[in-house]
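# Fold and geometry: a report
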Amino acid sequence: MPTFVQILDFIGTFAFAISGIRLASAKRFDWFGAYVVGLATAIGGGTIRDVLLDVTPGWMTDPIYLICTGVALLWVICFGRWLIRLNNTFFIFDSIGLALFTVVGVGKSIALGYPFWVAIIMGSITGAAGGVIRDVFINEIPLIFRKEIYAMACVVGGITYWLCHVAGMESYGCQLVGGSTVFLARILAVKYHICLPILKGSDEVEANENKEQ
């Protein structure tokens, strides 16, 4: 029987694969190209995390990740028109994947004995790096570099996970609270237009100085 973490990992893989394939379809990719984008979105962050933690990436020992991405592709092929009508489809699936992958990354790092700051970074990489690879593949500015809160939601969720862990909560409870925090932070940030301050470029600084003069 799969463990609770494995179930979260599989659901996150499917959700992220859907988000990647959905965007690839909007860019008119063929089936193979869409599969590659979905797979990169689903396993990209986890692969980087595992390489940094000196662990064999999960997809190299278990084909379920490749299978999940294939199922996601079939889902989009069969229900693509219905998904396109739902304007929030990409956002919902991406937020679910972000939340689930973040807690998987944090939990795995803690289980391997790494300190909490490493666990939070690994959780953020697991959640956000796949989206960066996806956006590069489809020739878009990566979402984490835009004004919307994205990776910061992973950081907040990772800190929440760690605090629950320190408080003695069971691992599945930490995952539930931490994942919910990531999801809610992302939802609220988009709904209420919460964003980090934008770093002004030199042109903007010079323009403001000229106005003041």
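Residues numbered from 1 in each chain as written. Predicted model: local features only at pLDDT ≥ 70, side-chain atom pairs only at ≥ 80, totals over all residues. Heavy atoms only, no water.

Per an unreviewed UniProt entry, the protein chain goes by Glycine transporter domain-containing protein and derives from Bacteroides caccae CL03T12C61. In its Subcellular location (unreviewed entry) section, the UniProt record describing the protein chain reads: "Cell membrane". Under Sequence similarities (unreviewed entry), UniProt gives the following word-for-word description of the protein chain: "Belongs to the UPF0126 family." (UniProt positions renumbered as here; feature names shortened; annotations may be inferred.)

### What to know about the overall build of the protein chain
Along the backbone of the protein chain there are eight helices and zero strands. Ordered by position from the N terminus, the helices and strands of the protein chain form the series α-α-α-α-α-α-α-α. Expressed as a percentage of the 213 residues in the protein chain, the buried residues total 45%. Contacts in the protein chain between residues far apart in sequence, at least 24 positions, make up 74% of those at least 6 positions apart. Carbon together with sulfur atoms contributes 68% to the accessible area of the protein chain, which is approximately 11,900 Å² in total. (Helix = DSSP H or I, 4+ residues; strand = E, 2+ residues; numbered from the N terminus. Buried < 20%, exposed > 50% of the residue type's maximum accessible area, 1.4 Å probe, protein only. Contact = heavy atoms within 4.5 Å. Areas by Shrake-Rupley, 256 points an atom, 1.4 Å probe, with all protein chains shown as cover.)

### Description of the packing of aromatic side chains
Summed over all chains, the structure comprises six aromatic pairs. With centroids separated by 6.3 Å and ring planes inclined at 85 degrees, the aromatic side chains of Phe 14 and Trp 75 adopt a geometry described as edge-to-face. With Phe 14 in helix 1 (residues 4-26) and Trp 75 in helix 3 (residues 64-85), this pair connects stretches of sequence that are 61 residues apart. For Trp 75, a relative accessible area of 35% translates into the label partly exposed. Between Phe 116 and Trp 162, the aromatic rings sit 4.3 Å apart at their centres with planes inclined by 25 degrees, giving stacked as the arrangement. Here the residue Phe 116 occupies a position in helix 5 (residues 116-137), and Trp 162 occupies one in helix 6 (residues 151-166), the gap between them amounting to 46 residues. On the accessibility criterion, Phe 116 (34% relative accessible area) is partly exposed. Joined through ring pairs, the aromatic side chains of Phe 14, Trp 75 and Phe 79 make up one cluster. (Phe/Tyr/Trp six-rings, centres within 6.5 Å; stacked < 30°, edge-to-face > 60°.)

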